[in-house]
Amino acid sequence: MSFAFDLDLLRTFTAVVDADGFTRAAERVHLTQSTVSQQIKKLEANIGHTLLLRDKSTGGVQTTEEGEILLSYARRLLATAEEAMDVMRKPAAPRTVRLGVPEDFAGRKLIDLLSGFSAASPHIRLDTVSGWSVELRRLLEAGEIDLALIKREPGDGAALASWAEELVWVESMHRPVRDETVPLAVFPVGCIYRERAIRFMERSGRRWRIAYTSQGLMGVQAAVASGLGISLLPSDAVLPEHRQLGAADGFDPQPASELALVKGRLRLSMESRSLADFLAAEL
């Protein structure tokens, strides 16, 4: 005959043993003495063994051999049940979403935006890494990040959302470049702005050189402002110390590039989709 252990019966049983009596055990488990007695009888009937021997003179109890064996298991079962309840009472651990952002786009505006998302979504832990679009694509393919904002040519693949990005040629407002060989202030290899600038120079037949390379937007902005070189930058990265160049200066306007929100091959989790929807609405 099979039966399942009733945790309430086991709890009463251990209370009787620990309290050395039915009366004191009844106080501990907040039951009447008669109910405690009934529960012990029910437990003994289920198991088919006498578990406790009463000492009528003292009111105490003594475990039988079977009762001693059961007592050990009962304590472990009750402890496991309590541990399970503790785990279930605790709030679920935050689910992590891994986001890649462009090296030249990880500015204050984006940081404030992501901070706002984290504050509004405490159940989601946001891990953000910055890098160049080529590297972010690799991380997506490897499954090391869930989403990425990348700079690319318009329409270059599927995207969850995309935004046109106006590009402009800039030089120093106070120290314009007049060299025959055009000095360029650019980002590292793999940056779309760098590729666009070099391609334009090659097609126009102009002599050029890389005068300054920086991993960060502030470095390129400063290099242009100080007169070290000319650069092709997003319009929202132009500083008051910069002067925009146009066709009259020999620098034809460039088509817009694209900021795209993309995912990897893996299916997006509900948390990743929540971040994607937020960025699509707020960027």
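Every value quoted in this text rests on a predicted model; they were computed, and no experiment measured them. (Residues numbered from 1 in each chain as written. Predicted model: local features only at pLDDT ≥ 70, side-chain atom pairs only at ≥ 80, totals over all residues. Heavy atoms only, no water.)

Trainee: If you had to explain empty space enclosed by the protein to someone new, which residues and values would you point to?
Mentor: This model, assessed by the stated rule, comprises one cavity of 30 Å³ or more. The computed volume of the largest cavity comes to approximately 40 Å³. Lining the largest cavity are Leu-184, Ala-185, Val-186, Phe-187, Tyr-193, Arg-194, Ala-197, Ile-230, Ser-231 and Leu-232. (1 Å grid on protein atoms, 1.4 Å probe; cavity = no way out; pocket = protein on both sides within 12 Å on 5 of 7 lines; lining within 4 Å. Points joined across faces, edges and corners; volume = space filled by probe spheres on them.)

Trainee: Please set out the packing of helix H1 (residues 7–19) against helix H2 (residues 22–29) residue by residue, giving values where relevant.
Mentor: When two helices pack together, you describe them by how their axes are tilted relative to each other and by the distance separating the axes. Here H1 crosses H2 at 125°, and the two axes come no closer than 8 Å. As far as their axial angle goes, H2 and H1 are oblique. Classified by chirality, the crossing of H2 by H1 is right-handed. Contact residues: H1 offers Arg-11, Ala-15, Val-16, Asp-18 and Ala-19, while H2 offers Phe-22, Arg-24, Ala-25, Arg-28 and Val-29. (Axes fitted to C-alpha atoms, helices over the stretch in contact; angles between N-to-C directions. Helix = DSSP H or I, 4+ residues; strand = E, 2+ residues; numbered from the N terminus. Parallel < 35°, antiparallel > 145°, perpendicular 65-115°, else oblique. Left-handed = near helix turned anticlockwise from the far one by under 90°. Contact = heavy atoms within 4.5 Å.)

Trainee: Describe the UniProt feature "domain: HTH lysR-type" (unreviewed entry) in the protein, and please don't skip the residues or the numbers.
Mentor: In the numbering used here, UniProt assigns the "domain: HTH lysR-type" (unreviewed entry) feature to residues 5–64. Helix makes up 60% of residues 5–64 and strand makes up 10%, while its end C-alpha atoms are separated by 19 Å. (UniProt positions renumbered as here; feature names shortened; annotations may be inferred.)

Trainee: Which residues make up the layout of surface pockets, and what are the values?
Mentor: Each pocket or cavity is described by its volume, and for the second largest pocket that value is around 210 Å³. What lines the second largest pocket is a set of 15 residues, and nearest its centre among them are Ser-133, Lys-151, Arg-152, Gly-190 and Ile-192. Of the residues assigned to the lining of the second largest pocket, the class counts are six nonpolar, two polar and seven charged. (Nonpolar A, V, L, I, M, F, W, Y, C, P; charged D, E, K, R; others polar.)

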